[in-house]
Amino acid sequence: MPRRPWVVGVSGASGTPYAASVVRGLLAAGEAVDLIVSRASRLTLLDETGISFRDAHWRADLREWLGRGADGKPGTFGITDADLDLVRYWPAGDLAAGPSSGSYPVKGMLIVPASTACVAGVALGLSKDLLQRVASVTLKERRRLVVAVRETPLNGQTLRHLVTLDEAGAVVVPASPAFYAGATHIQDLVDFVAGRVLDAAEVPHRLYRRWEGELGSGSKEG
């Protein structure tokens, strides 16, 4: 079968653990991933995890990043060479990269987390970097685009940009964790948001406990 990955774009908003959880979820489902890490997100990643993401050493840096829990503890998750073999990395400045063309076969794109600057760029059809370019291509090709916006509060301009994305066919998923799933750890809250992103992409996962209509189920031992 020809390779048809999900493109995961990581913008500069706070919330790099969300991106790590989404990528782990995709790999666990056997999905191929094309990864784009924006320049701004590298600063956020360094601040939130202490990891310097380098183009020349992206496999080693990605392994360390995906292995960390949301609490920053290294080695929480086991990441294998087989997992990394499912990932293809594209530098954010490479506007000639495969996913920049609509003829490059992908299933869709997940932007997580999405900063307000990223939201504005995609809504306005800008292509200042590969992340924005691929988002524009995703919309024009009528593929699934999921935008996990991570900002609060939201001003009117950003809200109008989000409406524009919704009208263009994107799915807007605010990074807003719920508590009915019985969260007992920060990782549970992160995985809930990541799970909702994967739900919007129709990718199967087991990242959170689903609502089954029984009050009090979230407080039960899972």
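Preceding this paragraph is the structure being described.
Residues numbered from 1 in each chain as written. Predicted model: local features only at pLDDT ≥ 70, side-chain atom pairs only at ≥ 80, totals over all residues. Heavy atoms only, no water.

**Some words on the packing of aromatic side chains**
Scanning the model with the defined rule gives seven aromatic pairs in all. With a centroid separation of 6.0 Å and 75 degrees between ring planes, the pair formed by Tyr180 and Trp211 is classed as edge-to-face. Remark: Trp211 occurs in the segment after helix 8 (186-200) and Tyr180 occurs in the loop between strand 6 (171-172) and helix 8; sequence separation between them is 31 residues. When its relative accessible area of 35% is taken as the criterion, Tyr180 is described as partly exposed. Judged by centre distance (4.8 Å) and plane angle (55 degrees), the rings of Phe192 and Tyr208 are tilted. (Phe/Tyr/Trp six-rings, centres within 6.5 Å; stacked < 30°, edge-to-face > 60°. Helix = DSSP H or I, 4+ residues; strand = E, 2+ residues; numbered from the N terminus. Buried < 20%, exposed > 50% of the residue type's maximum accessible area, 1.4 Å probe, protein only.)

**Quick notes on helix 2 (residues 39-49)**
Taken together, the buried positions of helix 2 are Ser41, Thr44, Leu45 and Thr49. The arc that holds every buried residue of helix 2, seen down its axis, measures 100 degrees, which confines them to one face. Away from its buried face by more than 90 degrees, helix 2 exposes Arg39, Leu43 and Asp47. As for helix 2, its buried residues are in contact with strand 1 (6-10), helix 1 (16-28), strand 2 (33-37) and helix 3 (58-67). Gly50 lies just past helix 2 and shows a positive phi near 80 degrees. (Arc of directions from axis to C-beta. Contact = heavy atoms within 4.5 Å.)

**Regarding a nonpolar patch on the surface**
On the surface, a nonpolar cluster with roughly 370 Å² of combined accessible area is contributed by Tyr180, Trp211 and Leu215. Accessibility expressed as a relative area gives 44% for Trp211, which makes it partly exposed. (Patch = residues over 30% accessible without salt bridge, like charges linked within 9 Å, V, L, I, M, F, W, Y side chains within 5 Å. Areas by Shrake-Rupley, 256 points an atom, 1.4 Å probe, with all protein chains shown as cover. Salt bridge = Lys/Arg side-chain N within 4 Å of Asp/Glu carboxyl O.)

**A short note on the packing of helix 5 (residues 116-123) against helix 7 (residues 156-167)**
Two elements in contact, helix 5 and helix 7, have axes separated by 9 Å at closest approach and are oriented at 50 degrees. Comparing the axis directions of helix 5 and helix 7 gives the class oblique. As helix 5 runs across helix 7, the sense of the crossing is left-handed. Residue-level inspection shows Thr116, Val119, Ala120, Val122 and Ala123 of helix 5 in contact with helix 7, the latter providing Thr158, His161, Leu162, Thr164 and Leu165. A per-class count over the contact of helix 5 with helix 7 returns six nonpolar, four polar and no charged. (Axes fitted to C-alpha atoms, helices over the stretch in contact; angles between N-to-C directions. Parallel < 35°, antiparallel > 145°, perpendicular 65-115°, else oblique. Left-handed = near helix turned anticlockwise from the far one by under 90°. Nonpolar A, V, L, I, M, F, W, Y, C, P; charged D, E, K, R; others polar.)

**Focus on the layout of surface pockets**
Put simply, the largest pocket is a space of about 210 Å³. Breaking the lining of the largest pocket down by element, the ones donating at least two residues are helix 1 and helix 8. With four residues, the single largest contributor to the lining of the largest pocket is helix 1. Its residues placed into classes, the lining of the largest pocket shows seven nonpolar, four polar and four charged. What the second largest pocket holds in volume is close to 160 Å³. Lining the second largest pocket are 13 residues; nearest its centre among them are Gly12, Ser38, Ala40, Lys128 and Asp129. (1 Å grid on protein atoms, 1.4 Å probe; cavity = no way out; pocket = protein on both sides within 12 Å on 5 of 7 lines; lining within 4 Å. Points joined across faces, edges and corners; volume = space filled by probe spheres on them.)

**Remarks on the side chain of Thr49**
Summarising the element assignment, Thr49 is placed in helix 2. One polar contact links the side chain of Thr49 to the main-chain carbonyl oxygen of Leu45, over a distance of 2.6 Å. The residues touching Thr49, leaving out its near neighbours within four places in the chain, are Thr16 and Arg68. (Polar contact = N/O pair within 3.5 Å; in protein donor to acceptor, adjacent residues only side chain to side chain.)

**Some thoughts on the sheet that holds strand 1**
As summarised here, the arrangement of the six strands in space is 3-2-1-4-5-6, forming an open sheet in which the pairing is parallel. Two strands close off the open sheet at either side, each with one partner strand: strand 3 (87-91) and strand 6. Those strands touched by helix 8 are strand 4 (108-114), strand 5 (144-149) and strand 6, and its axis lies near 160 degrees from that of strand 5. (Pairing = 2+ DSSP bridges.)

**Concerning the pairing of strand 1**
Most of strand 1 sits out of view: five of its five residues are buried. Burial of strand 1 is two-sided: the residues Trp6, Val8 and Val10 facing one way and the residues Val7 and Gly9 facing the other way are all buried. Relative to strand 2, strand 1 runs parallel, the two being bridged by five bridges. Within the sheet, the bridge partner assigned to Val7 lies in strand 2 and is Asp34. Assessed by its sense of winding, the connection that carries the chain from strand 1 through helix 1 to strand 2 is right-handed. Note that strand 1 and strand 4 share four bridges and pair parallel. Paired with Val7 across the two strands is Met109, which belongs to strand 4. (Right-handed = clockwise from strand over helix to strand, strands pointing away.)

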